[in-house]
Amino acid sequence: MKIRCFVVDDEPLGRDRITSLLRGIPDAVVVGECGDGSTAVRSIEALSPDLLFLDVQMPELDGFGVLAALPQPLVPAVIFVTAYDQYALKAFEVHAQDYLRKPFDPDRFTDAFHRAAHRVRRDRSGDHNLRLVALLEDVERTRRRRTRIPIKAGGRIVFLAVDDIDWIEASDNYVKLHVGPRTWMVRESMRDIEKQLEGSGFARAHRS
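Residues numbered from 1 in each chain as written. Predicted model: local features only at pLDDT ≥ 70, side-chain atom pairs only at ≥ 80, totals over all residues. Heavy atoms only, no water.

**Q** So, the sheet that holds strand E3 (residues 51-55): which residues are in play, and what are the values?
**A** Hydrogen bonds between backbone groups are what pair the strands of a sheet, and the pairing can be parallel or antiparallel. Here we have five strands laid out as an open sheet, ordered E2-E1-E3-E4-E5, and parallel in their pairing. Either end of the sheet is taken by a strand with one partner, and the two such strands are strand E2 (28-34) and strand E5 (98-101). Within this sheet the neighbouring strands show an average axis-to-axis angle of 20°, counted without direction. Here strand E1 (residues 3-8) pairs with E2 via six bridges, running parallel. In the sheet register, Ile3 faces E2, and the bridge partner there is Ala28. Docked against the sheet, helix H1 (residues 12-23) engages E1, E2, E3 and strand E4 (77-82), running at close to 165° with respect to E2. (Pairing = 2+ DSSP bridges. Helix = DSSP H or I, 4+ residues; strand = E, 2+ residues; numbered from the N terminus. Axes fitted to C-alpha atoms, helices over the stretch in contact; angles between N-to-C directions. Contact = heavy atoms within 4.5 Å.)

Structure, rendered in structure tokens:
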């Protein structure tokens, strides 16, 4: 079984390096590549690759934003490509995600591919997605300014952009996130959500 790979990196040299290494692996086939997050989301939805080589730090929509924008059933196995700071690497390690530091070591690259290919062939996408959700939540908690909030919708987890929230209301052990005409329920206290959104432009006007 060939592993269908898609490469996302905003640096052309980075994409060339990854695709060159993949061409040397008999089990790998590159089905596409792109240099920005928005194109990546559209391409992944159209091509449904098995394995994604994903740059973490990109302008506008970063690697975490790409994964949050994809419907969870379409999220492939992911190998993060990063020169990112230490908190992200710690999050990767805790949640057992594969990642490659730039510049790439060819042996390390090949090992990462084969581990991911083994996961694809064993069809463990469910476990992978659970770890991925935990990773995204961990990274969001560590960002200087939280940008997304995970919510359950239609039997899956989606990430709501903080900038889309109009106002927040307490409701027993939940808070209601008001976004235009829609309301989302999140199991958080008002105190906890206030701490999470510190620095995001919200002002507490009432106890509830």
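**Q** Quick one: what's the story with helix H2 (residues 37-47), residue by residue and with numbers?
**A** Taken together, the buried positions of H2 are occupied by Gly37, Ala40, Val41, Ser43 and Ile44. Here the buried face of H2 lies against E1, E2, E3 and helix H3 (63-69). Residue Asp36 occupies the N-cap position of H2, its side-chain oxygen lying 3.3 Å from the main-chain nitrogen of Ser38. Phi for Ser48, located one or two positions after H2, is positive at around 50°. (Buried < 20%, exposed > 50% of the residue type's maximum accessible area, 1.4 Å probe, protein only. Polar contact = N/O pair within 3.5 Å; in protein donor to acceptor, adjacent residues only side chain to side chain.)

**Q** Please provide a residue-by-residue account of the sheet that holds strand E9 (residues 174-179), values included.
**A** Pairing is antiparallel across the open sheet formed by three strands, whose spatial order is E8-E9-E10. Only two strands of the sheet have a single partner each, and these edge strands are strand E8 (167-171) and strand E10 (182-186). The sheet shows a mean angle of 25° between the axes of neighbouring strands, taken without regard to direction. Sheet analysis places E8 next to E9, joined by five bridges and oriented antiparallel. Pairing of Ile168 across the sheet is with Leu177, part of E9.

**Q** Go over the packing of aromatic side chains with me, naming the residues and quoting the values.
**A** Using the criterion set out here, one finds three aromatic pairs in the structure. Taking the centre distance of 5.2 Å and the plane angle of 10° together, the rings of Phe53 and Phe109 count as stacked. One end of the pair, Phe53, is in strand E3; the other, Phe109, is in helix H5 (residues 106-121), with 56 residues separating them in the sequence. Judged by relative accessible area, which is 0%, Phe109 ranks as buried. Measuring from centroid to centroid gives 5.9 Å for Phe64 and Phe80, while their planes differ by 45°, and the two rings are tilted. Of the two residues, Phe64 is situated in helix H3 and Phe80 in strand E4; the sequence distance between them amounts to 16 residues. Per residue, the accessibility class of Phe64 equals that of Phe80, and both read buried. (Phe/Tyr/Trp six-rings, centres within 6.5 Å; stacked < 30°, edge-to-face > 60°.)

**Q** Kindly report on H1, identifying the contributing residues and their values.
**A** Helical geometry: 3.6 residues make up each α-helical turn, so side chains three or four residues apart lie on a common side. In this model H1 runs 16 Å from its N-terminal to its C-terminal C-alpha over 12 residues, within 8% of the 16 Å that 1.5 Å per residue would give. Among the structural elements, E1, E2, E3, E4 and H5 are those in contact with the buried residues of H1. (Expected span 1.5 Å × (residues − 1).)

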